[in-house]
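Examining the three-dimensional arrangement
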Amino acid sequence: MMRFVAVCSLIFAFICSAQIVSALEIAPIEKAALRAKYNIPQGKDIYERVCSNCHDSGVMEAPKFCDLTDWKPRMLLGMEHLVKHTIDGFNNMPAKGGMESLTLAESSDAVAYMVDQCLVEPK
Ligand code: HEC
């Protein structure tokens, strides 16, 4: 009987967490909106000067550029979340990629460039 209860609560927890994941999908990022809001060429320049140091190689477990297995769940959290983690820092990710002199706009442009490059448009 105890085992039955344990299995049931596991199934229940699984269903609940599946619902949380799908709730996050309400913040999809659209390419057109991204390009309208951010300066992608400037973001590319900053990516190449600063962010590529870690994100090209994946050093310190940085999510590699356009490695969708790593990026998709992050992108589902939306731009606001990614920009916030870039500006404030997040675990091994230093604030503004360690380049304190970057403005908020420059930091978010770099995020937008990374997302824009690997964003696969839904068919
Ligand atoms: C010193 C290495 C390093 C540099 C330089 C760096 N990052 Fe990161 N970045 C990381 C690591 C490590 C993570 C993974 C953090 C984690 O998920 O625990 C990360 C994660 C991220 C994330 C995902 C955050 C999330 O919420 O999942 C974004 C977006 C990001 N970096 C953007 C940038 C941008 C933009 C730059 C350049 C301005 C940059 N990074 C420079 C190491 C770096």
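Once that is clear, we can look at the nonpolar core. If you look at the biggest cluster of nonpolar residues, it comprises 15 residues, and the most contacted ones within it are Ile46, Tyr47, Cys51, Ala110, Val111, Met114 and Val115. Elements with a minimum of two residues in this core: helix H3 (40-55) and helix H6 (104-118). Top contributing element to this core by residue count: H6, with six residues. Not counting the four nearest positions on each side in its chain, Ile46 is found in contact with Cys51, Leu102, Glu106, Asp109 and Ala110.

Between H3 and H6, whose axes approach to 7 Å, the crossing angle comes to 95°. Taken together, the axes of H3 and H6 are roughly perpendicular relative to one another. The residues of H6 that touch H3, namely those facing Ile40, Gln42, Gly43, Lys44, Ile46, Tyr47 and Cys51, are Glu106, Asp109, Ala110, Ala112, Tyr113, Met114 and Asp116. Looking at the contact of H3 with H6 residue by residue, the class counts come to eight nonpolar, two polar and four charged.

So, on to the site of the ligand. Every one of the 26 residues lining the ligand counts as a neighbour, but Cys51, Cys54, Asn91, Met93 and Gly97 are closest to it. At the level of secondary structure, the elements contributing two or more residues to the shell around the ligand comprise H3, helix H5 (79-88) and H6. Broken down by element, the residue count for the shell around the ligand peaks at six residues, all from H3.

Right, let's talk about unusual backbone geometry for a bit. Non-glycine residue Cys66 carries a positive phi angle of around 60°. Structurally, Cys66 can be placed in the loop between H3 and helix H4 (68-75). Phi at Asn91 is positive, roughly 50°, even though this residue is not glycine. Structurally, the position occupied by Asn91 is in the loop between H5 and H6. Classification of Asn91 by C-beta neighbours within 10 Å gives exposed; the count is 9.

Before going further, it helps to examine the packing of H5 against H6. One way to put it is that H5 packs onto H6 with a least axis distance of 9 Å and a crossing angle of 125°. One finds that H5 runs oblique with respect to H6. Between H5 and H6 the crossing geometry is right-handed. Contacts from Met79, Leu82, Val83, Thr86 and Ile87 of H5 reach H6 at Leu104, Ser107, Ser108, Val111 and Val115. Its residues assigned to classes, the contact of H5 with H6 comprises seven nonpolar, three polar and no charged.

The next point concerns the environment of Leu77. One can find Leu77 in the loop between H4 and H5. Classification of Leu77 by C-beta neighbours within 10 Å gives partly exposed; the count is 15. Leu77 sits 49 residues away from Pro28 along the chain, and the two C-alpha atoms are 8.0 Å apart.

What counts, and at which threshold
Residues numbered from 1 in each chain as written. Predicted model: local features only at pLDDT ≥ 70, side-chain atom pairs only at ≥ 80, totals over all residues. Core = buried A, V, L, I, M, F, W, Y, C linked by C-beta atoms within 7 Å. Buried ≥ 20, exposed ≤ 12 C-beta atoms within 10 Å, placed from the backbone. Helix = DSSP H or I, 4+ residues; strand = E, 2+ residues; numbered from the N terminus. Contact = placed C-beta atoms within 7 Å. Axes fitted to C-alpha atoms, helices over the stretch in contact; angles between N-to-C directions. Parallel < 35°, antiparallel > 145°, perpendicular 65-115°, else oblique. Nonpolar A, V, L, I, M, F, W, Y, C, P; charged D, E, K, R; others polar. Near = placed C-beta within 6 Å. Left-handed = near helix turned anticlockwise from the far one by under 90°.

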